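So the chains spell out like this:
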Amino acid sequence: MAPLLALVVRAFADEWRSPALLPQRFGLRGVRIALGADTGSAFANSAEVALLTVVAALVIAWPAARVLGERRLRHPAPVFLLLAMPLLVPSYAVGTGLTEWFIRLGLDGTTLGLVAAHLTVVLPYVTLVLLAGFGPRLTAIEEMGSVSGLPPLRRLRLVTIPAAAPTVAAAALLGFLVSWSDYGSSLAIGAGRPMLPVVLLPFVGSDPQVAATLAVVFLAPATAALVFTVRAGRRPL
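Residues numbered from 1 in each chain as written. Predicted model: local features only at pLDDT ≥ 70, side-chain atom pairs only at ≥ 80, totals over all residues. Heavy atoms only, no water.

## Examining the environment of Arg 193
Position of Arg 193 among the secondary structure elements: in the loop between helix H9 (183-190) and helix H10 (196-206). With a relative accessible area of 19%, Arg 193 lands in the buried category. The residues touching Arg 193, leaving out its near neighbours within four places in the chain, are Asn 45, Glu 48, Gly 109, Thr 110, Thr 111 and Leu 114. Here the side chain of Arg 193 touches Asn 45 through a polar contact of 3.4 Å, side chain to side chain. (Helix = DSSP H or I, 4+ residues; strand = E, 2+ residues; numbered from the N terminus. Buried < 20%, exposed > 50% of the residue type's maximum accessible area, 1.4 Å probe, protein only. Contact = heavy atoms within 4.5 Å. Polar contact = N/O pair within 3.5 Å; in protein donor to acceptor, adjacent residues only side chain to side chain.)

## Quick word on unusual backbone geometry
For Ala 191, which is not glycine, the phi dihedral falls at a positive 55 degrees. Relative to the helices and strands, Ala 191 resides in the loop between H9 and H10. For Ala 191, a relative accessible area of 53% puts it in the exposed group.

## A word on the side chain of Thr 39
With respect to the helices and strands, Thr 39 occurs in helix H3 (residues 39-69). Discounting residues that sit within four places of it in the chain, Thr 39 has contacts with Ala 34, Leu 196, Leu 214 and Val 217.

## A look at the UniProt feature "domain: ABC transmembrane type-1" (unreviewed entry) in the protein
What UniProt calls "domain: ABC transmembrane type-1" (unreviewed entry) maps, in this numbering, to residues 43-229. Spanning residues 43-229, this segment combines 81% helix with 0% strand, and its end C-alpha atoms are found 21 Å apart. (UniProt positions renumbered as here; feature names shortened; annotations may be inferred.)

## A short note on the UniProt feature "transmembrane region" (unreviewed entry) in the protein
Following the UniProt record, one finds the feature "transmembrane region" (unreviewed entry) at residues 49-68, 80-103, 115-135, 156-178 and 210-230. The distance separating the terminal C-alpha atoms of residues 49-68 is 27 Å; by composition the span is 100% helix and 0% strand.

## Some words on the packing of H3 against helix H6 (residues 111-130)
Their axes nearest at 7 Å, the elements H3 and H6 cross at an angle of 40 degrees. Our classification of the angle between H3 and H6 gives oblique. Classified by chirality, the crossing of H6 by H3 is right-handed. When the residues that make up the contact of H3 with H6 are grouped by side-chain class, the tally is 18 nonpolar, 4 polar and 1 charged. (Axes fitted to C-alpha atoms, helices over the stretch in contact; angles between N-to-C directions. Parallel < 35°, antiparallel > 145°, perpendicular 65-115°, else oblique. Left-handed = near helix turned anticlockwise from the far one by under 90°. Nonpolar A, V, L, I, M, F, W, Y, C, P; charged D, E, K, R; others polar.)

## So, the environment of Leu 52
Relative to the assigned elements, Leu 52 resides in helix H3. By relative accessible area, which is 42% here, Leu 52 ends up partly exposed. Along the backbone, Leu 52 and Arg 154 are 102 residues apart, and their C-alpha atoms lie at a distance of 26 Å. In contact with Leu 52, other than residues within four places in its own chain, are Thr 111 and Val 115.

## Comments concerning the layout of surface pockets
Its boundaries defined by the atoms lining it, the largest pocket holds a volume of some 200 Å³. If you go around the largest pocket, the residues you meet are Leu 51, Val 54, Val 55, Leu 58, Ala 169, Ala 172, Leu 173, Phe 176, Pro 221, Ala 225, Phe 228 and Thr 229. Elements supplying a minimum of two residues to the lining of the largest pocket: H3, helix H8 (152-180) and helix H11 (208-233). Class assignment for the residues of the lining of the largest pocket results in 11 nonpolar, 1 polar and no charged. (1 Å grid on protein atoms, 1.4 Å probe; cavity = no way out; pocket = protein on both sides within 12 Å on 5 of 7 lines; lining within 4 Å. Points joined across faces, edges and corners; volume = space filled by probe spheres on them.)

## Observations regarding the packing of H6 against H8
The contact between H6 and H8 brings their axes to 9 Å, and the two run at 155 degrees. Taken together, the axis directions place H6 and H8 in an arrangement best described as roughly antiparallel. In terms of crossing hand, the pair formed by H6 and H8 is right-handed. Contacts from His 118, Val 121, Val 122, Tyr 125, Val 126, Val 129 and Leu 130 of H6 reach H8 at Thr 167, Val 168, Ala 170, Ala 171, Leu 174, Gly 175, Val 178 and Ser 179. Residues that form the contact of H6 with H8 fall into these classes: 11 nonpolar, 4 polar and no charged.

## Quick notes on the packing of aromatic side chains
One pass over the structure, following the stated rule, counts 4 aromatic pairs. Seen in terms of ring centroids, Phe 43 and Trp 180 are 5.4 Å apart; in terms of plane orientation they differ by 80 degrees. Their pairing is edge-to-face. Taken together, the residues Phe 43 in helix H3 and Trp 180 in helix H8 connect sequence positions 137 residues apart. On the basis of relative accessibility, which here comes to 29%, the residue Phe 43 falls in the partly exposed class. (Phe/Tyr/Trp six-rings, centres within 6.5 Å; stacked < 30°, edge-to-face > 60°.)

This is the structure in structure tokens:
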């Protein structure tokens with residue numbers, strides 16, 4: 001927690017000269033500048049894109065993780081290689097490669113375009129985390145529900161989803177954090193649309209106080225997502 005506490009102190013330190021242990025003067029200069037830097041719209045845009053990306057990733061990754069986790073494929077290695085490929089290059093390189101196509105399709109600067117770009121990086125993480133929730137143990141529980149006479153939809157609602165909830169929550173958390181902090185794709189595909197990582201980064205070198213203030217704002221939804229994941233992870237299988 002020590003670095004985070006120092007970040008909060010730095011956000012309200014109007015004057016902090018080395019080697020003093022504490023700031024010489026506190027104030028709200030960083031807050032005033034941060035609030036005037038498109039922070040509100042950038043926060044809303046980043047939250048919208050991250051949430052939509054997580055939902056899309058879970059929908060797509062669920063069947064893929066089931067197939068891979070239950071070892072239905074005879075040769076899974078090529079699939080894992082394809083999943084890992086977007087993680088081998090920086091997200092800005094991926095975004096730059098997509099930009100030309102997205103401009104032609106009219107998707108640059110749109111929510112759909114940003115979600116598609118973020119999904120390229122988020123989907124592998126979500127799929128790999130979901131793999132931990134699918135396997136012989138879950139299959140055995142589902143078979144017990146089937147033997148008990150539960151139809152497929154009720155079995156999904158009463159057995160599969162509760163049993164896989166901690167894993168799904170962990171996958172959603174990781175997917176949200178990856179999308180929420182994705183600077184490269186947001187810059188390449190955003191077409192000037194304010195996104196919180198894009199707004200934050202220029203202040204890191206030019207004004208550390210404003211950067212610290214924006215970083216505190218940046219941490220708020222991530223902390224809320226972490227609390228939600230911890231609560232979901234306490235549910236018994």
